[in-house]
Amino acid sequence: MTSKYWLLKAEPDSRIVKGKDVKFSVDDFESVKTSPWEGVRNYEARNLLREVKVGDQVLFYHSNCKNPGIAGFAEISKEAYPDYTAWDPEHPYYDPKTKQDSPKWFMPDVTFVARAKHLVPLALLRNIASSGDADAAGVPYIGLEGVEAIKGMALITRGRLSVQRVEEDTWRIMRDLAEKGGWDEQAIGKKKAPAKRAAESVRGAAKDSAAGSATKRRRRGPG
DNA sequence: GCCAACGTTGGC
DNA sequence: GCCAACGTTGGC
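Residues numbered from 1 in each chain as written. Chains lettered and ligands numbered in written order. Predicted model: local features only at pLDDT ≥ 70, side-chain atom pairs only at ≥ 80, totals over all residues. Heavy atoms only, no water.

## Quick look at the overall build of chain A
Part 1 of the argument: Counting its regular elements, chain A contains seven helices and eight strands.
Part 2 of the argument: Burial statistics for chain A: of 223 residues in total, 44% are counted as buried.
Part 3 of the argument: Of the contacts made within chain A by residues no fewer than 6 positions apart, 77% connect residues no fewer than 24 positions apart.
Part 4 of the argument: Of the accessible surface of chain A, which amounts to about 12100 Å², a share of 50% is contributed by carbon and sulfur atoms. (Helix = DSSP H or I, 4+ residues; strand = E, 2+ residues; numbered from the N terminus. Buried < 20%, exposed > 50% of the residue type's maximum accessible area, 1.4 Å probe, protein only. Contact = heavy atoms within 4.5 Å. Areas by Shrake-Rupley, 256 points an atom, 1.4 Å probe, with all protein chains shown as cover.)

## Here we look at the packing of helix 3 (residues 122-131) against helix 4 (residues 143-151)
Part 1 of the argument: Contact geometry for helix 3 and helix 4: axes closest at 9 Å, N-to-C directions at 105°. Our classification of the angle between helix 3 and helix 4 gives roughly perpendicular. Of the residues in helix 4, those in contact with Leu-125, Ile-128 and Ala-129 of helix 3 are Val-147, Ile-150 and Lys-151.
Part 2 of the argument: Residues belonging to the contact of helix 3 with helix 4 are distributed by class as follows: five nonpolar, no polar and one charged. (Axes fitted to C-alpha atoms, helices over the stretch in contact; angles between N-to-C directions. Parallel < 35°, antiparallel > 145°, perpendicular 65-115°, else oblique. Nonpolar A, V, L, I, M, F, W, Y, C, P; charged D, E, K, R; others polar.)

## Details of the sheet that holds strand 4 (residues 34-36)
Part 1 of the argument: Read from one edge of the open sheet, six strands run 4-7-6-5-1-8, paired in mixed fashion. Of all strands in the sheet, those bounded by a partner on one side alone are strand 4 and strand 8 (163-165). Averaged over neighbouring strand pairs, the angle between their axes works out to 35° when direction is ignored.
Part 2 of the argument: Taken together, the six bridges between strand 5 (residues 57-62) and strand 6 (residues 69-82) define a ladder with antiparallel strand orientation. Pairing of Val-58 across the sheet is with Ala-74, part of strand 6.
Part 3 of the argument: On top of the sheet, helix 3 reaches strand 5, strand 6 and strand 7 (106-121); it is set at about 75° to strand 7, its chief contact.
Part 4 of the argument: Relative to the sheet, helix 6 (residues 168-180) contacts strand 1 (5-10), strand 5, strand 6 and strand 7, its axis offset from that of strand 7 by approximately 45°. (Pairing = 2+ DSSP bridges.)

## A few points about helix 6
Part 1 of the argument: Over its 13 residues, helix 6 runs 18 Å from end to end, which matches the ideal 18 Å to within 8%, given 1.5 Å per residue.
Part 2 of the argument: Each element contacted by the buried residues of helix 6 is listed here: strand 1, strand 5, strand 6, strand 7, helix 3 and helix 4.
Part 3 of the argument: Directly after helix 6, the chain includes Gly-181, whose backbone phi takes a positive value near 60°. (Expected span 1.5 Å × (residues − 1).)

## Observations concerning unusual backbone geometry
Part 1 of the argument: One non-glycine residue, Lys-33, lies in the positive phi region at around 70°.
Part 2 of the argument: One can find Lys-33 in the loop between helix 1 (26-32) and strand 4.
Part 3 of the argument: Lys-33 gets classed as partly exposed once you look at its relative accessible area, which sits at 43%.
Part 4 of the argument: The backbone of Asn-64 shows a phi angle near 55°, a positive value even though the residue is not glycine.
Part 5 of the argument: By the element assignment, Asn-64 lies in the loop between strand 5 and strand 6.

## Notes on the nonpolar core
Part 1 of the argument: Grouped together as the largest cluster of nonpolar side chains are 30 residues, with contacts concentrated most on Val-120, Leu-125, Ile-142, Ile-150, Met-174 and Leu-177.
Part 2 of the argument: Contributions of two or more residues to this core are made by strand 1, strand 5, strand 6, strand 7, helix 3, helix 4 and helix 6.
Part 3 of the argument: Every residue in contact with Ile-142, bar those within four places of it in the chain, is listed here: Ile-128, Ala-134, Val-147, Ile-150, Ile-173 and Leu-177.
Part 4 of the argument: In this structure, Ala-45, Phe-60, Phe-112 and Val-163 belong to the second largest nonpolar core, which totals 21 residues. (Core = buried A, V, L, I, M, F, W, Y, C linked by side-chain atoms within 4.5 Å.)

## Topic: helix 4
Part 1 of the argument: Of all the residues in helix 4, the buried ones are Gly-146, Val-147, Ala-149 and Ile-150. Buried residues of helix 4 fall within an arc of 160° about the axis and therefore sit on the same side. Of the residues in helix 4, the exposed ones pointing more than 90 degrees away from the buried face are Leu-144 and Glu-145.
Part 2 of the argument: In this structure, the buried side of helix 4 is in contact with helix 3, helix 5 (154-157) and helix 6. (Arc of directions from axis to C-beta.)

## What to know about the UniProt feature "domain: EVE" (unreviewed entry) in chain A
Part 1 of the argument: As annotated by UniProt and renumbered to match this structure, "domain: EVE" (unreviewed entry) occupies residues 4-175.
Part 2 of the argument: The span residues 4-175 shows a helical share of 26% and a strand share of 30%, and its end C-alpha atoms are spaced 15 Å apart. (UniProt positions renumbered as here; feature names shortened; annotations may be inferred.)

## Details of the confidence of the model for chain A
Part 1 of the argument: Taken residue by residue, chain A gives an average pLDDT of 85. The fraction at 70 or more is 84%.
Part 2 of the argument: Counting contacts from residues 191-217, a segment whose pLDDT is below 50, to residues more than four positions away or on other chains yields 21 contacts.
Part 3 of the argument: Long-range and interchain partners of residues 219-223, a stretch whose pLDDT sits below 50, account for 19 contacts in this model, where long-range means more than four residues apart. (pLDDT = per-residue confidence, 0-100.)

Given below as structure tokens:
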């Protein structure tokens, strides 16, 4: 399948991994302009990265932070090539199981295009997806198609995936939201009724499985 | 800091 | 190749 629009997650807040900060905010991105998108350690995300083409458009998402949401726009500037950080024992994204002669992880280069004039909060998208009401959310201009597009976003349905496909109409809606804003931060900023944990958990057998499954993750500036 | 959701690991 | 345990993601 070919896609021309993608969503990539990065962490704007400092987080130290192996002594190094993996923070990469829209500010960082804007200042470096182009960065290898290193550190993706999840197969599905990796497979998607191998599909990206030069010129494809990217929604730059702030994850694992106070105000998660779409913070900017970018584009693919180089197709995926082996992620050398997987071979560097000093690197936060080192993967001891990757052999030099058979790269397992890949990364494209991504170039900054623009900041979102209004950061499009995940809370807004969730609010619209669950209520189905763009008017109440303060963004009547996205229309019913906008609501449907948001409902279908992987961001809503597949929370944890760090590289996601985005439909063209969805991309346009995100661009409009980022440009026009209009939602009430207070109104959409709160919410969510957490479900209760089911079991009484009898976890805890000692297990030595070193491993440490590396899932996804994301990065900082260029080396 | 908590904890739900979910991908990965590894014993069988 | 199943599946329970485990570890991570990431919103809140």
